Amino acid sequence: MVELEIDGKKVEVAEGSLVMEAARKLGTYIPHFCYHRKLSIAANCRMCLVEVEKAPKALPACATPVTPGMKVYTNSEKAVKAQKSVMEFLLINHPLDCPICDQGGECQLQDLAVGYGASESRYKEEKRVVFHKNVGPLISMEEMTRCIHCTRCVRFGQEVAGVMELGMLNRGEHSEITTFVGQTVDSELSGNMIDLCPVGALTSKPFRYSARTWELARRKSVSPHDGLGANLVVQTKNQRVMRVLPLENEDVNECWISDKDRFSYEGLNSQDRLTRPLLKQGGQWMETDWQTALEYVANGLASIKRDHGADQIAALASPHSTLEELYLLGKFMRGIGSDNVDFRLRQSDFSAKLNGTPWLGLPVADVSALQRVLVIGSALRKDHPLLAARLRQAGKKGARVAVLGAGGEDLLMPLAARVDVAPSGWTAALAGIANAIAAAKGVAAPAGVAGFDADGSANDGAKKIADALLSGERRAVFLGNEAVRHPQFSALHALAQWIATETNATLGFLTEAANTVGGYVAGALPQQGGANAQAMFDTPRKAYVVLNAEPEFDTADPRKALAALNNAGTVIVLSAFRSDAALQYADVILPVAPFTETAGTFVNAEGTAQSFNGVVRALGESRPAWKVLRVLGNMLDVPGFDFDTAETVRDEVLAKAVAPMLNNSTDAQIKVTAAAAGGVERIADVPIYHADPIVRRADSLQLTAAARRALQVGLSSDLFDKLGVQVGDPVRVTQDGGSVVLPAALENTLPANTVRVSAATVAAASLGALFGTVTVEKAIDLSAGQKAAAVTA
């Protein structure tokens, strides 16, 4: 520790700390622009100049390390004069457009100019102008003349997002921040650059000119999207969500949020929002009142139970639902005699029972400190943007990260090894890793993996992964969303468990949604032999209750799900949104409130329960889903449904601590199968901006490159050549009797004989299971308006 003095106050900080950090510990504010505690030191704005005793000139506090006995003066005449001089230079070319600037009211330059700026400028020469740039649908760079070249945005891209999408061109007065060769900014974390910009150069394009910051009310909330549970500040005006910003929580999301968390609020104000209950009569939809709709639902379910038995009633819920909603849905279903309830909609393999609630396996904050990591079946950057950022931090500290998957994604970090094989070969590839570990340790390999050593480059990758996991200290093996959706999930889980045990690694799940862990905690899954999500469609039921889900997008086999729903006698949908498919299969649609309009709780990947309140009133006549389920329980005389508030529901669910429930072990047997020979395999990733009903309706996110990519067919290089197509040519993909025509895209990272057709899109809804073989053809338009002919590859 080093002791120094700042403005006469003594403070002790760790050796190597900077004057800026020491001042912050004292609560002393030093003006600055380029400094940010999560980014590297640039020291290019010079606003933080301070006087240091015995130093010949003022020094930048952000780049000056502390020394024993140092005396620093932040408010001395010398320091203030230096700071005012810097401010004068910063304002030389800055436009005087504060009244129309979107940053007005929350601008660091504006604030500091009041304290350090002169009343008028001495600069009489012509000011420079920087022309605006179009960098995509999320970030506005229309007023780059305001830029003060702090380079926070540049450093964020390099150091946190992992990709340098912005950089500085030219020198001196001609310097400007721009993208490379006219490219757009496509990082899934790009919106954080808006927060980092201390002036009005980078602003939010969806929020631009819609409200003034001082008009907005601010409320805390929690992200309903991925399993991290990022903490949010939701800003509202006139009972409408206007903007979403990060709420700093070092243990969860630090001071960042993903673009999905930031811009998905547009979906809350979508034209698809439901405001009144809808009832289908004679094939026609009509708006009705709540009493009529609830009586229809209660009578319909009672009739199905009386005539066909309670087992003919099934319930499906989205893992993006709150803990309270999931708990009451499970309690309601079991109260009417059915155990057919599940939230694991995209899972297809339920052959092995888990020994507890699957979770991350360690605190989120500890991911940054891992030294050896194996990630199995995860589109890491798209499924878990902020966990990917933490792994990137670990990589900078020397962590060796390895990946097993089907390719298609650059993780933007150095990898110790990468094994990309078609999905049918994942168990064989994991078996190769297990064999390599057994050979290196001189122990017996697990039963069932003999003869499944991966060959060629994959074998080399298996050895590298084994070497990495058998070295270092803090190790983890993570199963991603694609591994959980895999038709051989139980075998993958068992193999991952053996590998983790033999290498003393933590076994964890990169959980899919905001409340995947909460779904297990709430018991929203079969507990007494009921049907799981897959079985509900394999053996169709007479009645379905659908909560916050869109089965045409959110299930493991959309084609089979739609067939079951369309043939059911009664389908009750509780949703905030109308959809074309729901208008076909549903009989009644009850408008329920999204997360911003209701109180609730999400349990994130590390098992932390985070509660939140609604930030605006429910739109129209929509109601919180927990209240709707409570009323239905009362109408059907289900015991234990006397809840007055969401908090009383939460307290009942969390009466038992979550931590003892968390357990990633399995009793599944290791069963390895060889990769499928011949045929073309489908890779069905769930795109980042199509993962749930809210984000699917966020207009700006649907204009991004990632969203456009989801509407293409990604072809491996061998298929691309075999079909003889060019980028953008129409390609027909056929699976399980359904087909779709989409533009072709070349993806060199895909394994041979694989094709990527993303799930959760309108196009993919006409296909079958997320994994399996498909037929790929080149679609040739004979003439305008005529039928397309196909040439089989």
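Treat the numbers as computed from the prediction; the structure is a model and nothing was measured.

### Some words on the pattern of salt bridges
Part 1 of the argument: Going through the model one piece at a time under the given rule, you end up with 36 salt bridges.
Part 2 of the argument: The salt bridge involving Lys38 is made with Glu250; its shortest N-O contact spans 2.3 Å. One end of the pair, Lys38, is in the loop between helix H1 (19-26) and strand E3 (49-52); the other, Glu250, is in the loop between strand E13 (240-246) and helix H6 (259-263), and 212 residues separate them in sequence.
Part 3 of the argument: Note that Arg273 and Glu597 form a salt bridge whose closest N and O atoms lie 2.9 Å from each other. Residue Arg273 is located in the loop between helix H7 (265-268) and strand E14 (278-281), and its partner Glu597 is located in the loop between strand E25 (588-591) and strand E26 (600-603); the two are separated by 324 residues in the primary sequence. In this structure, Arg273 and Glu597 share a single accessibility class: buried.
Part 4 of the argument: Among the ionic contacts, a cluster of salt bridges with common partners joins Asp272, Arg346, Arg485, Glu512, Glu550, Asp554, Arg696 and Arg697.

### Here's the deal with the sheet that holds strand E17 (residues 341-342)
Part 1 of the argument: Spatial strand order, E15-E14-E25-E24-E23-E16-E17: 7 strands in an open sheet with mixed pairing. At either end of the open sheet lies a strand with only one pairing partner, and these are strand E15 (284-287) and E17.
Part 2 of the argument: Relative to E15, E14 is paired through 4 bridges, and the arrangement is antiparallel. Looking across to E15, one finds that Leu278 is bridged to Glu287.
Part 3 of the argument: Against the sheet, helix H8 (residues 290-308) contacts E14, strand E16 (313-317), strand E23 (543-547), strand E24 (570-575) and E25, and its axis sits at roughly 130° relative to E25.

### Regarding the confidence of the model for the protein chain
Part 1 of the argument: Chain-level statistics for the protein chain give a pLDDT mean of 93 and a share of 97% at 70 or above.
Part 2 of the argument: Contacts for the low-pLDDT stretch residues 454-458, under 50 throughout, to residues beyond four places or in other chains number 3 contacts.
Part 3 of the argument: Contacts for the low-pLDDT stretch residues 782-793, under 50 throughout, to residues beyond four places or in other chains number 18 contacts.

### Here's the deal with the UniProt feature "domain: 4Fe-4S Mo/W bis-MGD-type" (unreviewed entry) in the protein chain
Part 1 of the argument: Taking the numbering used here, the UniProt-annotated feature "domain: 4Fe-4S Mo/W bis-MGD-type" (unreviewed entry) corresponds to residues 216-272.
Part 2 of the argument: Between the first and last C-alpha atoms of residues 216-272 the distance is 25 Å; the span itself is 16% helix and 35% strand.

### Let's talk about the nonpolar core
Part 1 of the argument: Grouped together as the largest cluster of nonpolar side chains are 94 residues, with contacts concentrated most on Phe33, Ile139, Phe156, Leu166, Leu202, Leu360 and Phe478.
Part 2 of the argument: Leave out the neighbours within four places in its chain, and Phe33 touches Cys45, Met47, Met87, Leu90, Gln108, Leu109, Leu112, Ile148, Cys150, Arg152 and Pro198.
Part 3 of the argument: Membership of the second largest hydrophobic core comes to 51 residues, among which are Ala317, Val521, Val545 and Val638.

### With respect to the side chain of Arg273
Part 1 of the argument: Of the residues examined, Arg273 reaches a relative accessible area of 6% and is grouped as buried.
Part 2 of the argument: Not counting the four nearest positions on each side in its chain, Arg273 is found in contact with Leu268, Ala576, Phe577, Pro594, Glu597, Leu619 and Ser622.

### Regarding the packing of helix H12 (residues 426-441) against helix H15 (residues 489-502)
Part 1 of the argument: The geometry of H12 relative to H15 is characterised by a closest axis approach of 10 Å and an angle of 20° between their N-to-C directions. Accordingly, the angle class assigned to the pair H12 and H15 is roughly parallel. Judged by the sense of rotation from one axis to the other, the crossing of H12 with H15 is left-handed. Note on element contacts: H15 touches H12 through Ala491, Leu492, Leu495, Ala496, Trp498, Ile499 and Glu502, opposite Trp426, Thr427, Leu430, Ala431, Ile433, Ala434, Ile437, Ala438 and Lys441.

### Description of the side chain of Gln103
Part 1 of the argument: Relative to the assigned elements, Gln103 resides in the loop between helix H2 (77-90) and helix H3 (108-116).
Part 2 of the argument: With residues near it in sequence (within four places) discarded, Gln103 still touches Cys197, Pro198, Val199, Gly200 and Thr203.

### What about the packing of aromatic side chains?
Part 1 of the argument: Tallying each qualifying case throughout the model produces 8 aromatic pairs.
Part 2 of the argument: Look at Phe489 and Phe509: their rings are 6.2 Å apart centre to centre, the planes differ by 70°, and that puts the pair in the edge-to-face class. Here Phe489 is found in helix H15, whereas its partner Phe509 is found in strand E22 (residues 506-509), with 20 residues between them in sequence. Residue Phe489 shares its accessibility class with Phe509, and that shared class is buried.
Part 3 of the argument: The structure contains a cluster of three or more aromatic residues connected by ring pairs, namely Phe595, Phe602 and Phe612.
Part 4 of the argument: Lying over the aromatic face of Phe207, Arg243 brings its terminal NZ or CZ to 4.5 Å of the ring centre.

Conventions used here
Residue indices begin from 1 for each chain and proceed along its sequence in written order. Per-residue local features are limited, in this predicted model, to residues with pLDDT of at least 70; the limit for side-chain atom pairs, both in listing and counting, is 80 or more; totals at the level of whole chains, interfaces and linings are taken over all residues. The basis for every side-chain value is the complete set of heavy atoms in the structure, and neither hydrogens nor water enter the calculation. Note on definitions: salt bridges are taken to be side-chain nitrogens of Lys or Arg within 4 Å of carboxyl oxygens of Asp or Glu. Here a helix means four or more residues in a row that DSSP labels H or I, a strand means two or more in a row labelled E, and each is numbered from the N terminus. Throughout, exposure labels follow a simple rule: accessible area from a 1.4 Å probe, protein chains only, divided by the maximum for the residue type, with under 20% read as buried, over 50% as exposed, and the rest as partly exposed. When DSSP finds at least two bridges between two strands, those strands are taken to pair. A contact between two residues is defined here by any heavy atoms of the two lying within 4.5 Å. Where helices are involved, their axes are fitted lines through C-alpha atoms of the stretch in contact, as for all axes, and angles between N-to-C directions lie from 0 to 180°. One confidence number per residue, pLDDT, is output by the predictor and ranges from 0 to 100. UniProt positions are given in the numbering used here, feature names are shortened, and annotations may be inferred rather than shown by experiment. Here, the term nonpolar core denotes a set of buried Ala, Val, Leu, Ile, Met, Phe, Trp, Tyr and Cys residues that are joined through side-chain atoms within 4.5 Å. Orientation categories follow fixed angle ranges, with anything under 35 degrees roughly parallel, anything over 145 roughly antiparallel, 65 to 115 roughly perpendicular, and all other angles oblique. What makes a crossing left-handed is the near helix being turned counterclockwise from the far one by less than a right angle; a clockwise turn instead makes it right-handed. To pair, rings of Phe, Tyr and Trp, with the six-membered ring standing in for Trp, must have centres within 6.5 Å; the planes then decide the type, stacked if under 30 degrees apart, edge-to-face if over 60, and tilted in the middle. Only when the NZ of Lys or the CZ of Arg is both within 6 Å of the ring centre and within 35 degrees of the ring normal is a charge said to sit over the ring.

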